[in-house]
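So the chains spell out like this:
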Amino acid sequence: MIITAVDVVRVAVPAYDPPFVWRAGLPGSEPAADGAWLVIRTDAGVTGLAFALRGAMLQDVVDRRIRAELVGRDPIARELLWDRMWELDRIDRFPVFVQGIVDVALWDLAGKAVGLPVYQLLGSYRESLPAYASTVTFGSIEEYLDVADQCLELGFPAIKLHAWGDARRDARLSEALREHVGPDVPLMYDGSAGFDLLDATYLGKALSDADYLWYEEPMREFSVTAYKWLAERVDVPLIVAEVAEGSHMKTADFIAAGCAAAVRTSTGLRGGFTGAMRTAHLADAFLLRAEVHGPGEASRHLCMSISNTTYYESLIVSNPVRRPAEVDASGNIHAPTLPGVGFEEAWVDGVPAPLAAALAD
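The rules behind each value
- Residues numbered from 1 in each chain as written.
- Predicted model: local features only at pLDDT ≥ 70, side-chain atom pairs only at ≥ 80, totals over all residues.
- Heavy atoms only, no water.
- Helix = DSSP H or I, 4+ residues; strand = E, 2+ residues; numbered from the N terminus.
- Rg over C-alpha atoms; globule rule 2.2 N^0.38 Å.
- Buried < 20%, exposed > 50% of the residue type's maximum accessible area, 1.4 Å probe, protein only.
- Phe/Tyr/Trp six-rings, centres within 6.5 Å; stacked < 30°, edge-to-face > 60°.
- Lys NZ or Arg CZ within 6 Å of the ring centre and 35° of its normal.
- Axes fitted to C-alpha atoms, helices over the stretch in contact; angles between N-to-C directions.
- Left-handed = near helix turned anticlockwise from the far one by under 90°.
- Contact = heavy atoms within 4.5 Å.
- Nonpolar A, V, L, I, M, F, W, Y, C, P; charged D, E, K, R; others polar.
- Pairing = 2+ DSSP bridges.
- Salt bridge = Lys/Arg side-chain N within 4 Å of Asp/Glu carboxyl O.

Regarding the overall build of the protein chain
Step number 1: For the protein chain, the count of helices and strands is 13 helices and twelve strands.
Step number 2: Taking 21 Å as the expected radius of gyration for a compact globule of 361 residues, we find that the protein chain reaches 20 Å, a close match to that expectation.
Step number 3: With the principal axes as the frame, the protein chain shows a C-alpha extent of 60 × 45 × 35 Å.
Step number 4: Burial statistics for the protein chain: of 361 residues in total, 54% are counted as buried.

Okay, structure coming up:
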C-alpha cells in the first residue's frame, strides 16, 4: 500500500453556542473558524482522516513540505513517518499540532485498512473509563457551586476547575468547592499557565489544604526549574508537561527534575497517537500516571489504550450544564466501535459537504 495523495479540505467551523470564557488574559471560545480535514489517500482505496482547527496553517505546511514527504511512502511505516515529521520540523518549526494531525490520519488509515478501531491497534486495555467534568470559567463562586451540583447529578464522579487566573480568588473558590461537595469527590485545578512562582505557590498551598487530586499547569511550561521549585514548596500533586513542546522528550525532563506527580498526554500536543503512547509508556516506567488531555474521538482511543490513566476529560461549557453525548448517565465513556478513529460517529448530519465532495473524487 502506497500513499498517492495528501489533500487539505477546508471547512467552516461554527462558533460555540453559547460562547464561553477562559481565565483573565486568554481569549474565550472560538468564533466561527476556518478548519480543515487532512485526507491521506492510498493506491489500495483506503483513506485516512484527521481534523485541524487551523485550516490555513495546515494548508501551508502540507503544500510546502508534507505532501512531498508522504506521497509514495508506505502509510503503515508510521514510526518512520513520525520521525520524518520531526526532521522537517527542524527546518519549518511547525505549529505544535501538525505532527499530531499527520500521525492521527495515518492511524485512522491503518485502522480502516484492517477493520479495527485505533485503540485495538494500540493495544486495548479497557472498554470504559470515568469522565470528569472540566469546567470553563464561570462568573462567581455561587455559579461554580451550582455547576458542580449539576455535574454530580448528571453522573460525573469528579470535577476540575478552570477559574479566573487570580491566585487568591481562585484559592477561595477551590476551598468553597471542597466544602460544598464534601471530602469524597475528587477535585482538580487547572491554572492554564496564569501564574508566576509566587502566586502558584500561594494557590498550591490552598489546593493542598483542600485535598485536591492534582494541580495542573499553574505556570508556563518553559522552565522545568520553576516547576522543580514549585514542587519543593507545595504538597499538592503537580501534573505537568501538557503543552511543553518536544513530545515525550520534554516530558522526560520534567520527570527527571522530580516535579512530576503525573504527566499529561494527548494526540494534539504530543505528536499524535505515536507521541502520546510514547509519553504514556515513559511515565509508566516511573510509576507515574499519564492523564489524557482534552475530549474528542482521539482522546477516547487513548483512554482505552493507556493503562496508567484514570479519567477522560469532558469539557463543560455552559450553565445549565449539558452532558456531552459520549458520556453516559453514570459518568463513563466507552470504547469507540468504528474502524480507525471513527470521526464518522460524530457526523450526525452525515459527512461534511466539502469533505464528501473531496472523498467522492
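Overview of the environment of Pro-19
Step number 1: Structurally, Pro-19 is set in the loop between strand E1 (3–13) and strand E2 (33–42).
Step number 2: Overall, Pro-19 belongs to the exposed group, its relative accessible area being 63%.
Step number 3: Along the sequence, Pro-19 and Ser-223 sit 204 residues apart, while their C-alpha atoms lie 33 Å from each other.

Points about the packing of aromatic side chains
The relative placement of two aromatic rings is captured by the distance of their centres and the angle of their planes.
Step number 1: For the coordinates displayed, the defined rule picks out 13 aromatic pairs.
Step number 2: With a centroid separation of 5.8 Å and 85 degrees between ring planes, the pair formed by Tyr-132 and Tyr-311 is classed as edge-to-face. One end of the pair, Tyr-132, is in strand E4 (residues 128–135); the other, Tyr-311, is in the loop between helix H12 (297–305) and strand E11 (312–316), with 179 residues separating them in the sequence. The pair Tyr-132 / Tyr-311 is uniform in exposure class, with both members buried.
Step number 3: An aromatic cluster is defined as three or more aromatic residues linked by ring pairs; in this entry it consists of Trp-37, Phe-51, Phe-343 and Trp-347.
Step number 4: The cationic tip of Arg-168 hangs over the ring face of Tyr-202; the distance from NZ or CZ to the ring centre is 3.9 Å.
Step number 5: The aromatic ring of Trp-164 is capped on one face by Arg-169, whose charged end is 3.6 Å from the ring centroid.

Observations concerning the packing of helix H11 (residues 272–285) against H12
Step number 1: Following both chains from N to C, one finds H11 and H12 inclined at 35 degrees, their axes separated by 11 Å at the closest point. The two elements H11 and H12 cross, and the hand of that crossing is right-handed. Here Phe-273, Ala-276 and Met-277 of H11 lie close against H12, whose contacting residues are Ala-298, His-301, Leu-302 and Ser-305.
Step number 2: Split into classes, the residues belonging to the contact of H11 with H12 amount to five nonpolar, two polar and no charged.

Describing the sheet that holds strand E3 (residues 47–52)
Step number 1: Ordered by their spatial adjacency, three strands build an open sheet running E1-E2-E3, and the pairing between neighbours is antiparallel. Where the open sheet ends on each side, the last strands, each with one partner, are E1 and E3. Pairwise comparison of adjacent strand axes, ignoring direction, gives a mean angle of 20 degrees for this sheet.
Step number 2: In this structure, E1 lies alongside E2, joined through ten bridges in antiparallel fashion. Bridging across to E2, Val-6 finds its partner in Ile-40.
Step number 3: The strands touched by helix H3 (residues 98–114) are E1, E2 and E3; relative to E3, the strand with the most contacts, the crossing angle is about 145 degrees.

Focus: the pattern of salt bridges
Step number 1: As enumerated under the stated definition, the model contains 23 salt bridges in all.
Step number 2: A salt bridge links Glu-79 to Arg-278; the nearest nitrogen and oxygen atoms lie 2.3 Å apart. Here Glu-79, found in helix H2 (residues 78–92), pairs with Arg-278, found in helix H11; they are 199 residues apart in sequence, far enough to count as distant.
Step number 3: Overlapping salt bridges, with partners in common, bring together Lys-160, Asp-190, Glu-216, Glu-242, Arg-264 and Glu-313 in one network.

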